[in-house]
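As a plain string of letters, each chain reads:
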Amino acid sequence: MDDCTVAYSDIALSTEEVLKEIGYGNTLPDGNVLDLICELLAELKKEVKPRYVCFVSEGECEDRAVRIRGHLLATNATITRLLEHSTLFAVFAATAGREFEQIQQAHKADGDMLVTYMLDVMGTLLAEKTGDYMETKLEAAYPDIPHTKRFSPGYCNWHLTEQRKIFALLGQQPCGITLSDVCLMTPIKSISGIIGLGRDVRPGQYACQYCELEFCYKRKK
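Residues numbered from 1 in each chain as written. Predicted model: local features only at pLDDT ≥ 70, side-chain atom pairs only at ≥ 80, totals over all residues. Heavy atoms only, no water.

Undergrad: So what's going on with the overall build of the chain? Which residues, and what values?
TA: The number of helices and strands found in the chain is 7 helices and 9 strands. Against the 2.2 N^0.38 benchmark of 17 Å for 221 residues, the chain shows a C-alpha radius of gyration of 18 Å, consistent with a compact globule. Taking the principal axes of its C-alpha atoms as reference, the chain extends roughly 55 × 35 × 35 Å. Looking at the chain as a whole, 48% of its 221 residues are labelled buried. Here the analysis covers contacts within the chain between residues at least 6 apart in sequence; of these, 76% occur between residues at least 24 apart. Accessible surface for the chain amounts to roughly 11500 Å². Of this, 49% is attributable to carbon and sulfur atoms. (Helix = DSSP H or I, 4+ residues; strand = E, 2+ residues; numbered from the N terminus. Rg over C-alpha atoms; globule rule 2.2 N^0.38 Å. Buried < 20%, exposed > 50% of the residue type's maximum accessible area, 1.4 Å probe, protein only. Contact = heavy atoms within 4.5 Å. Areas by Shrake-Rupley, 256 points an atom, 1.4 Å probe, with all protein chains shown as cover.)

Undergrad: Can you explain the nonpolar core? Please cite residues and give values.
TA: In terms of nonpolar packing, the biggest core is built from 37 residues, with Ile-37, Leu-44 and Met-122 touching the most fellow members. Taken together, the elements giving at least two residues each to this core come down to α1 (8-11), α2 (15-21), α3 (31-47), β2 (51-62), β5 (88-95), α5 (98-109), α6 (113-141) and β9 (190-197). Take this core: its biggest share by element is 10 residues, from α6. Beyond its immediate sequence surroundings of up to four residues, Ile-37 is in contact with Thr-15, Val-18, Leu-19, Ile-22, Met-118 and Met-122. (Core = buried A, V, L, I, M, F, W, Y, C linked by side-chain atoms within 4.5 Å.)

Undergrad: Kindly report on helix α7 (residues 163-170), identifying the contributing residues and their values.
TA: Of the residues making up α7, those classed as buried are Gln-163, Ile-166, Phe-167, Leu-169 and Leu-170. All buried residues of α7 fall inside an arc of 155° around its axis, so they share one side. In the segment just after α7, Gly-171 is the residue with positive phi, at about 105°. (Arc of directions from axis to C-beta.)

Undergrad: Mind laying out α5, listing which residues take part and the relevant values?
TA: The end-to-end C-alpha distance of α5 is 16 Å, a good match for the 16 Å that 12 residues give at a rise of 1.5 Å each. Contacts made by the buried residues of α5 are with α3, α6 and β8 (185-186). (Expected span 1.5 Å × (residues − 1).)

Shown next as structure tokens:
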């Protein structure tokens, strides 16, 4: 099982990425907003330590579920169809890290809603880019085997309580992430899930045309 701390330089957030995610698009904000973004990014560069944990195991798709190491993950029919032909499964968790959460909480206590919002966006970006970095390592380890997109509990009606099975496979505190009684992760800027690998899988597909989650970040893409 790989448990890795990611160098911030490998997933560094850009001003352009943040501006896009907070809604500016091609419109430039005033200088005060730009200065604030730069200050926050400099703080993140100095302090944060994103991490991920991942292992690859044999498994199989069943009707509306995936079986990995004796655990039956009730992914539902849509995700199971997208994982079809997978013979290996990468089980993972990734996080912006506790250091990021400490920064976020400290600024939140100051009561500046703009800073709070910006850091919320930055934390989401950091967690997802840590997941992207993990996928590059997976591709390097299995260069000749296509893989699916990553799928997480909460996506496309895969029930959030299934996080418990992910954590049972990964260990109870993978890369420092804990799971609450209602299956929310701490640090909150964390992701978990599975990726299918197989020579006949259909890479690069999400099921957004079927998903009813209106505010999913992937819908913007």
